[in-house]
Protein chains: 2
Amino acid sequence: MTVQTAAPRRRTRIQIEKRELILEAALEVFSTHGYRGATVDQIAEAAGMSKPNLLYYFKGKEDIHTTLISRLLETWLAPLKELDDIGDPLTELRSYIRRKLEMARDYPRESRLFANEMLQGAPRITPMLEGELKTLVDEKAEVIKGWMRAGKVARTDPWHLIFAIWATTQHYADFDVQVRAVLGPDRGGDGRFEDAARMLEQLFVDGLKPR
Amino acid sequence: MTVQTAAPRRRTRIQIEKRELILEAALEVFSTHGYRGATVDQIAEAAGMSKPNLLYYFKGKEDIHTTLISRLLETWLAPLKELDDIGDPLTELRSYIRRKLEMARDYPRESRLFANEMLQGAPRITPMLEGELKTLVDEKAEVIKGWMRAGKVARTDPWHLIFAIWATTQHYADFDVQVRAVLGPDRGGDGRFEDAARMLEQLFVDGLKPR
DNA sequence: CAAAAATTTGACCGAATGGACAAACGTTAG
DNA sequence: CTAACGTTTGTCCATTCGGTCAAATTTTTG
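The rules behind the values
Residues numbered from 1 in each chain as written. Chains lettered and ligands numbered in written order. Predicted model: local features only at pLDDT ≥ 70, side-chain atom pairs only at ≥ 80, totals over all residues. Helix = DSSP H or I, 4+ residues; strand = E, 2+ residues; numbered from the N terminus. Buried ≥ 20, exposed ≤ 12 C-beta atoms within 10 Å, placed from the backbone. Contact = placed C-beta atoms within 7 Å. Expected span 1.5 Å × (residues − 1). Bend = angle between axes of the 7 residues up to and from the residue. Near = placed C-beta within 6 Å. Nonpolar A, V, L, I, M, F, W, Y, C, P; charged D, E, K, R; others polar. Domains from an automatic or database assignment. Arc of directions from axis to C-beta. Least-squares fit on C-alpha atoms with pLDDT ≥ 70 in both. Axes fitted to C-alpha atoms, helices over the stretch in contact; angles between N-to-C directions. Parallel < 35°, antiparallel > 145°, perpendicular 65-115°, else oblique. Left-handed = near helix turned anticlockwise from the far one by under 90°.

In this section: the overall build of chain A. Across its full length, chain A carries 10 helices and zero strands. The burial tally for chain A puts 37% of its 211 residues in the buried class. For chain A, contacts bridging at least 24 residues in sequence account for 67% of all contacts bridging at least 6.

In a regular helix each residue adds 1.5 Å, so 25 residues correspond to 36 Å; helix α1 (residues 13–37) of chain A covers only 31 Å between its end C-alpha atoms and thus falls short of that length. At Ser31 of chain A, α1 of chain A shows its maximal kink, close to 80°. Within the span of α1 of chain A, buried status applies to Ile22, Ala25, Ala26, Leu27, Val29, Phe30, Ser31, His33, Gly34 and Tyr35 of chain A. Those residues of α1 of chain A that are buried lie in contact with α2 (40–46), α3 (51–57), α4 (61–82) and α6 (108–119) of chain A together with α1 (13–37) of chain B.

This part covers the protein's contact with DNA strand C. Close to DNA strand C lie 18 residues; Pro52 and Gly60 of chain A together with Thr12, Ile14 and Pro52 of chain B are nearest. Mapped by element, the contributors of at least two residues to the surface near DNA strand C are α2, α3 and α4 of chain A together with α1 and α3 (51–57) of chain B. Looking at the surface near DNA strand C, its residues break down into seven nonpolar, six polar and five charged.

Contacts to DNA strand D come from 19 residues, most closely from Ile14 and Pro52 of chain A together with Thr39, Pro52 and Gly60 of chain B. When contributions to the surface near DNA strand D are tallied by element, the ones reaching two or more residues are α1 and α3 of chain A together with α2 (40–46), α3 and α4 (61–82) of chain B. When the residues that make up the surface near DNA strand D are grouped by side-chain class, the tally is seven nonpolar, six polar and six charged.

Opposite the 49 residues of chain B that make contact, chain A presents 49 residues. Those elements that place two or more of their residues in the side of chain B that touches chain A are α1, α6 (108–119), α7 (126–149), α8 (158–174), α9 (176–187) and α10 (192–207) of chain B. If one sorts the elements of the side of chain B that touches chain A by residue count, α10 of chain B sits on top with 10 residues. A breakdown of the residues in the side of chain B that touches chain A according to their chemical character gives 24 nonpolar, 16 polar and nine charged.

Residue and element names in this part refer to chain A. What the domain assignment lists for chain A is domain 1 (12–58) and domain 2 (66–208). A C-alpha centroid distance of 28 Å is found between domain 1 and domain 2. Considered class by class, the residues forming the side of domain 1 that touches domain 2 number five nonpolar, two polar and one charged.

On to the environment of Val177 of chain B. Structurally, the position occupied by Val177 of chain B is in helix α9. Separated by 42 residues in sequence, Val177 of chain B and Thr135 of chain B place their C-alpha atoms 33 Å apart. Sequence-distant contacts of Val177 of chain B, defined by excluding residues within four places in its chain, comprise Met118, Gly121, Ala122, Thr126 and Leu129 of chain A.

When glycine is set aside, most residues are seen to have a negative phi, and most peptide bonds are trans. Residues and elements named next belong to chain A. Positive phi values are uncommon outside glycine, yet Ala122 reaches one of about 50°. Inspection of the secondary structure puts Ala122 in the loop between α6 and α7 (126–149). On the basis of neighbour counts, which here come to 22 C-beta atoms within 10 Å, the residue Ala122 falls in the buried class.

Time to look at helix α10 (residues 192–207) of chain A. Under the 1.5 Å per step criterion, the end-to-end length of α10 of chain A is 22 Å for 16 residues, consistent within 8% with the ideal 22 Å. All of the buried residues in α10 of chain A are Arg192, Ala196, Met199, Leu200, Leu203, Phe204 and Gly207 of chain A. All buried residues of α10 of chain A project into a common sector of 115° when viewed along the axis, lining one side. Buried residues belonging to α10 of chain A abut α5 (89–106), α8 (158–174) and α9 (176–187) of chain A together with α8 and α10 of chain B.

On to the relation of the copies chain B and chain A. Relative to chain A, chain B is turned by 180° and slid 0.0 Å along the rotation axis, the superposed coordinates differing by an RMSD of 0.1 Å. Expressed as a symmetry operation, the mapping of one chain copy onto the other fits a two-fold axis. Among all residues of chain B, the minimum C-alpha distance to the rotation axis is found for Gly207 of chain B, at 1.7 Å. Looking at chain B, 100% of its interface residues are interface residues in chain A too, so the copies touch through the same face.

Time to look at the packing of α5 of chain A against α8 of chain A. Residues and elements named next belong to chain A. Axis separation between α5 and α8 bottoms out at 7 Å; the angle between their running directions is 25°. By the angle class used here, α5 and α8 are roughly parallel. Where α5 crosses over α8, the handedness of that crossing is right-handed. Counting all contacts with α5, which are made through Tyr96, Ile97, Lys100, Leu101, Ala104 and Arg105, the residues of α8 involved are Ile165, Thr169, Gln170, Tyr172 and Ala173. Tallied by class, residues from the contact of α5 with α8 come to seven nonpolar, two polar and two charged.

A few words now on the environment of Pro79 of chain A. Residue and element names in this part refer to chain A. Along the chain, the position of Pro79 falls in helix α4. What makes Pro79 partly exposed here is the crowd of 18 C-beta atoms within 10 Å. Excluding residues within four positions of it along the chain, Pro79 makes contact with Tyr96, Arg99, Lys100 and Met103.

Now the structure itself:
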């Protein structure tokens, strides 16, 4: 006998599906127009429902955005978490770069949503940056430092090295228009990610070979 | 006798000053909130004047933004224009990186304004990207290719190399919050630019040494 | 100084936006 | 079948926003 107490309502099948649909639509809209630039009507239309219907599933615009952002961070931190102490350091770094570049290619909207938030001064996620993110980066910086002490990697600042990897890879999602415009119609096609991968792997691996 | 013909009104001293004041305020507001996120009232207040007064100097919000952006591109292209064929290639690249990093430090608002525009798909400046910018980058890519042919620089894709320099340097303006959060109160101070410069110069110079 | 030109602002307007609400419509368990 | 619950939408509202206008004030010029 399951007694339905007053407090925590259960989530319906439809609710789960529709919330997912809304978040997908919201990602599309928020990532291209930013938080203020996006309108609830736009999101509702992209999700194929009326605005009041959307507001039945989320408390409001902010609620949608918050939900999206907190999910995003999980996805975003995943590749760095995989950076492991086992295996050849330079190989490990190379595959990290490759993973990040693949994410920029396959999930550009997530990258842009994140970038938008950063540009605005991260009003909604500063705590997470100073907490989870900082902890993880500090931890991985320590791993890299170990590699340097062992003479496997050239000595340099591990934190700024991580920044450099983030910057160069996310650039292909965040500045996609610019990349395409500069490369032109010929070289700006799908091949650009392969070219970028080659260049970046060479740069980082050669640049970090111990000497 | 100067006959005042009907067409091109002259620009007053006050007009020049006030327009400058407005653009300065607009840069502040647009760069942190994006185009849609910024309001004319905000800009007017930041410029210390009433909204109608501001609209006396500019046709409207879009006009202010357009003026700002076209000025910006000039400033933005300047360092790359200086990348010259004379002198040692690696030294030349090193000082380009240093200049770009100094710009990220001294003009972060300009960088963010630009990034905002890119994230939104560059609706207002795509022509300039495909024109001026592409031409300049193609030209400099050719210079770098020359260095590679001469065996002065390791062979790699010059366009993506330029992207990598842009990405890593502008990162310190665009993702400033993140950088500070991760570095923490101790290492996130003014010294971060020096640390970044050291890391980046090492990375690019060692990564591009011919082998 | 006074007329003309330039500058400034309070008040106002229409459109867009985030959100509330009650009524209508579907679905499902007993 | 029907009552209860879940879902959907048309309509409405308060606020915000970009922009206008005429009147008031200040600056420039002859």
